[in-house]
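Each chain is listed here by its residues.
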Amino acid sequence: MPHYLLSLANEELIANYLLLKTIPDVDHYLFVQPRGWDPAPVDRVCSLCGIAAPLRLEVEEFCLADIERVLESWLSEREADASYTVNLTGGSRLMALAVADIFRRANSRVLYLPPRVNHIQQLHPRRVDSYLKVTHRCSLDEYLAVFGVSTMPSRSKPHTIKHMEAMFRVFTDNSTTRFMRQVNRLGARKIERDPEQIRLARFFARELGISPGEVLLPEWLSFIKGAWFEEYLAWAVDRELGEGTARHGLQVEQQGVSNELDCAFTHANRLYVMELKASAPLASISEFLYKLDSVARDFALHPRCFLCIADPDVERGLGKATHFRSRARKMDIRILCNKELSPGRISKTMRQILDSD
């Protein structure tokens, strides 16, 4: 008795991908997609799932008569003892209604996986809210690959948590505009000609337990100027979810559109993206929010987005400029600041974020 798994092709790629990874004992995979729709997403998902020869049907997605004609013709040519699992996760509402109506008359189960949920619902032959548990968990690279997003290797993490905590303390205790300008200028000119840079290099050497000469080496200069915050958040995620879960300084590209994710990871088949600022002027908050929002729009990734800022001055400023947090909430972005991210609170903050899924 052949078993067919029918899926409706659309932009809900992760939900479709997870259902394909979950349903057992499938003999044939059928994808119903709008006529003229780009086949690349289905090709990509099938390749990742090891599906070599998927079946395809094209329909006019907003024409009920055409959908019924195509599906009924296809069904009439199938084996009399065939069974069908119908995945209604994707497609237009009209496609889903038509497919459900037609296949309710066949030997079928009709399933649905709500977005950002790991329990498949059965809609037919009877309603079961937690019919089947999704046990597969996508890694970050796997999740991005489903959407056709390629990645470049992240920067390495050569620094210890003691170095990261030292930098957090430095930025907390020296959150002045003048100090931040000095940090940004560090290494811009030959240090022997600039007494200010000499003092700053000695300061960081003392705080980090390295020699003044090492401060201006590329790996330490980048760390001091902001990469420490990326490493720190990635370390905090890895401590909760396992080494190698988070990536920082991640270059991504999709169809020629490039971006950089300061910190990204997956948990329970959801993507988390963090925009990180060790220091930032309060007036730039809107710019950072729109950058985060563009990741969701440009790449269609549907991530949980966070704007994380270490500078305590910004935290104080947000207490007065409440419109920034209001705008962030409307964009479904959470802002995390110095107190929530400090070494004594970061674990609690991360657990609250992860437990809220």
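Heads up: these notes are all about the structure in this document.

Analysis parameters
- Residues numbered from 1 in each chain as written.
- Predicted model: local features only at pLDDT ≥ 70, side-chain atom pairs only at ≥ 80, totals over all residues.
- Heavy atoms only, no water.
- Axes fitted to C-alpha atoms, helices over the stretch in contact; angles between N-to-C directions.
- Helix = DSSP H or I, 4+ residues; strand = E, 2+ residues; numbered from the N terminus.
- Left-handed = near helix turned anticlockwise from the far one by under 90°.
- Contact = heavy atoms within 4.5 Å.
- Buried < 20%, exposed > 50% of the residue type's maximum accessible area, 1.4 Å probe, protein only.
- Pairing = 2+ DSSP bridges.
- Right-handed = clockwise from strand over helix to strand, strands pointing away.
- 1 Å grid on protein atoms, 1.4 Å probe; cavity = no way out; pocket = protein on both sides within 12 Å on 5 of 7 lines; lining within 4 Å.
- Points joined across faces, edges and corners; volume = space filled by probe spheres on them.
- Nonpolar A, V, L, I, M, F, W, Y, C, P; charged D, E, K, R; others polar.
- Salt bridge = Lys/Arg side-chain N within 4 Å of Asp/Glu carboxyl O.

1. Some details on the packing of helix α1 (residues 13-22) against helix α2 (residues 40-49)
Right, on to step 1. At a minimum axis distance of 10 Å, the contact between α1 and α2 shows a crossing angle of 35°. Helix-helix and strand crossings are classified by hand; for α1 and α2 the assignment is right-handed. Between α1 and α2, the contacting residues are L13, Y17, L20 and K21 on the first element and P41, R44, V45, L48 and C49 on the second.

2. Remarks on the pairing of strand β12 (residues 304-309)
Right, on to step 1. Taken across its six residues, β12 has six buried, putting it largely inside the fold.
Right, on to step 2. The alternating pattern of β12 places R304, F306 and C308 and C305, L307 and I309 on opposite faces, both of which are buried.
Right, on to step 3. Note that strand β11 (residues 270-277) and β12 share six bridges and pair parallel. Opposite Y272, over in β12, you have R304 as the bridge partner.
Right, on to step 4. In this fold, the crossover linking β11 to β12 by way of helix α11 (residues 285-299) has right-handed handedness.
Right, on to step 5. Note that β12 and strand β13 (residues 333-336) share four bridges and pair parallel. By the bridge assignment for β13, L307 is matched with I335.

3. With respect to the layout of surface pockets
In this approach, a probe sized like a water molecule rolls over the atoms, and the result shows the empty space that is left.
Right, on to step 1. Space inside the largest pocket adds up to approximately 410 Å³.
Right, on to step 2. Lining of the largest pocket is provided by 24 residues; of these, M180, A278, S279, A280 and P281 occupy positions nearest its centre.
Right, on to step 3. Counted by class, the lining of the largest pocket contains 10 nonpolar, six polar and eight charged residues.
Right, on to step 4. Quantified by volume, the second largest pocket comes out at close to 220 Å³.
Right, on to step 5. Where the lining of the second largest pocket is concerned, the elements lending two or more residues are α2 and α11.
Right, on to step 6. For the lining of the second largest pocket, the per-class residue count stands at six nonpolar, three polar and four charged.

4. Thoughts on the packing of helix α10 (residues 218-241) against helix α15 (residues 346-355)
Right, on to step 1. It is at 10 Å that the axes of α10 and α15 come closest, and there the two elements cross at 65°. For the pair α10 and α15, the crossing hand works out as right-handed. Within the contact between the two elements, α10 uses Y232, L233, W235, A236, V237, R239, E240 and L241 and α15 uses I346, S347, M350, R351 and L354.
Right, on to step 2. For the contact of α10 with α15, the class distribution of residues is nine nonpolar, one polar and three charged.

5. Here's the deal with the pattern of salt bridges
Right, on to step 1. Under the criterion given, the structure shown has 17 salt bridges.
Right, on to step 2. The shortest N-O distance in the salt bridge between D43 and R56 comes to 2.1 Å. Here R56 lies in strand β3 (residues 55-59) and D43 lies in helix α2, a separation of 13 residues in the sequence.
Right, on to step 3. With a relative accessible area of 38%, D43 lands in the partly exposed category.
Right, on to step 4. A salt bridge links D129 to R127, with the nearest nitrogen and oxygen atoms 2.8 Å apart.
Right, on to step 5. Looking at R127, the relative accessible area reads 52%, which means it is exposed.

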